[in-house]
Amino acid sequence: MSGVRAQQKEKTRRQIINAALKQLSAERSFSSLSLREVAKEAGLAPTSFYRHFSDMDELGLTLVDEAGLTLRQLMRQARQRIAKGGSVIQISVQTFMELIESNGNIFRLLLRERSGTSAAFRAAVIREIRYFTMELCDYLQKANHLDADVAYIHAHAAVTIVFGAGSDALDIDDKEEREQLAEQTIQQLRFIARGALEFSDRRKVSKKFR
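Within an unreviewed UniProt entry, the label attached to the chain reads DNA-binding transcriptional regulator FabR, and the organism entered is Colwellia marinimaniae.

Set out below in structure tokens:
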């Protein structure tokens, strides 16, 4: 019975998380949600909420953790697709845009809470974005044979551009406009990648002749 209870508890916990995400929109941030609203959306009594989360802040931090995990899974999914052949940048942007289209509220949460009123939320979002950036940095350093500092600058710039594009994509319903935005993002990332490689090559030549 303990196993069955544990499964039911996890199922209910997931219902609460999904209910909170479902209520996020361009007009509603997490901070505007009430415990009662989330519990009602999940089909639970408000008292049942406290069996899974101590308060809305704990739920919010859990959502941020989920968002960070989704980003890292996204990167790994893109790598698997890249391994089958194709443009690294194009596949990465396409994969990211698919996330925005299928699960935009995860990304919306990160954007909103990064500049929200809660210091704990801001710190959690910054931490997750840093993890994402560092994982990308490690990949770029190994794949492109870049110095650590160049790889980090490249990764940080790429994340900034992609997050900006994601923010714009959330408010675009027209398919053609989204495709144009994706293509623009691909070109911007290619400029940065080319610049990082050229900078790295020049540095190597400079060191060689010192």
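K.L.:
Report on the packing of aromatic side chains, specifying residues and quantitative values.
P.N.:
The full count for this structure, using the stated rule, is 7 aromatic pairs. With 5.7 Å between their ring centres and 40° between their planes, Phe49 and Phe53 make a pair best called tilted. Residue Phe49 is classed as buried on the basis of its relative accessible area, which comes to 1%. For Phe53, a relative accessible area of 1% corresponds to the buried category. Ring centres 6.5 Å apart and planes at 25° place the aromatic pair Phe96 and Phe163 in the stacked group. In this pair, Phe96 is assigned in helix H5 (residues 88–114) and Phe163 in helix H7 (residues 148–170), connecting sequence segments 67 residues apart. Exposure class is identical for Phe96 and Phe163. Each is buried. By the ring-pair criterion, three or more aromatic residues cluster together here, those being Phe96, Phe107, Phe132 and Phe163.

K.L.:
Requested: an account of unusual backbone geometry, with residues and values cited.
P.N.:
A positive phi angle, close to 55°, is found at His145, a residue other than glycine. Following the sequence through the fold, His145 ends up in the loop between helix H6 (119–144) and H7. The exposed category is assigned to His145, whose relative accessible area is 58%.

K.L.:
Run through the UniProt feature "domain: HTH tetR-type" (unreviewed entry) in the chain, naming residues and quoting values.
P.N.:
If you check UniProt for "domain: HTH tetR-type" (unreviewed entry), the listed places come out as residues 11–71 in our numbering. When the span residues 11–71 is considered, its composition is 67% helix and 0% strand, and the gap between its end C-alpha atoms is 23 Å.

K.L.:
Any details on the UniProt feature "DNA-binding region" (unreviewed entry) in the chain? Residues and values, ideally.
P.N.:
Feature annotation in UniProt assigns "DNA-binding region" (unreviewed entry) to the following positions: residues 34–53. Note that residues 34–53 is 60% helix and 0% strand, and that its end C-alpha atoms are spaced 13 Å apart.

K.L.:
For the pattern of salt bridges, give the residues involved together with the corresponding values.
P.N.:
According to the stated counting rule, one finds 10 salt bridges in the structure shown. Close ionic contact of Arg127 with Asp65 constitutes a salt bridge, the shortest N to O distance being 2.9 Å. Within this pair, whereas Arg127 is found in helix H6, its partner Asp65 is found in helix H4 (residues 56–83), the two being separated by 62 residues in sequence. Across the salt bridge formed by Arg203 and Asp149, the nearest N and O atoms sit 2.9 Å from each other. Taken together, the residues Arg203 in helix H8 (residues 175–208) and Asp149 in helix H7 connect sequence positions 54 residues apart.

K.L.:
Now, about the side chain of Thr70: what can you tell me, with residues and values included?
P.N.:
Looking at the secondary structure, you find Thr70 in helix H4. A distance of 2.9 Å separates a polar side-chain atom of Thr70 from the backbone oxygen of Glu66. For Thr70, the contacting residues outside a window of four places in its chain are Leu99 and Ile106.

K.L.:
So what's going on with the environment of Ser54? Residues and values would help.
P.N.:
Take Ser54: it is sitting in the loop between helix H3 (46–49) and H4. Classification of Ser54 as partly exposed rests on a relative accessible area of 47%. Sequence-wise, Ser54 and Ile82 are 28 residues apart; in three dimensions their C-alpha atoms are separated by 42 Å.

Conventions used here
Residues numbered from 1 in each chain as written. Predicted model: local features only at pLDDT ≥ 70, side-chain atom pairs only at ≥ 80, totals over all residues. Heavy atoms only, no water. Phe/Tyr/Trp six-rings, centres within 6.5 Å; stacked < 30°, edge-to-face > 60°. Buried < 20%, exposed > 50% of the residue type's maximum accessible area, 1.4 Å probe, protein only. Helix = DSSP H or I, 4+ residues; strand = E, 2+ residues; numbered from the N terminus. UniProt positions renumbered as here; feature names shortened; annotations may be inferred. Salt bridge = Lys/Arg side-chain N within 4 Å of Asp/Glu carboxyl O. Polar contact = N/O pair within 3.5 Å; in protein donor to acceptor, adjacent residues only side chain to side chain. Contact = heavy atoms within 4.5 Å.

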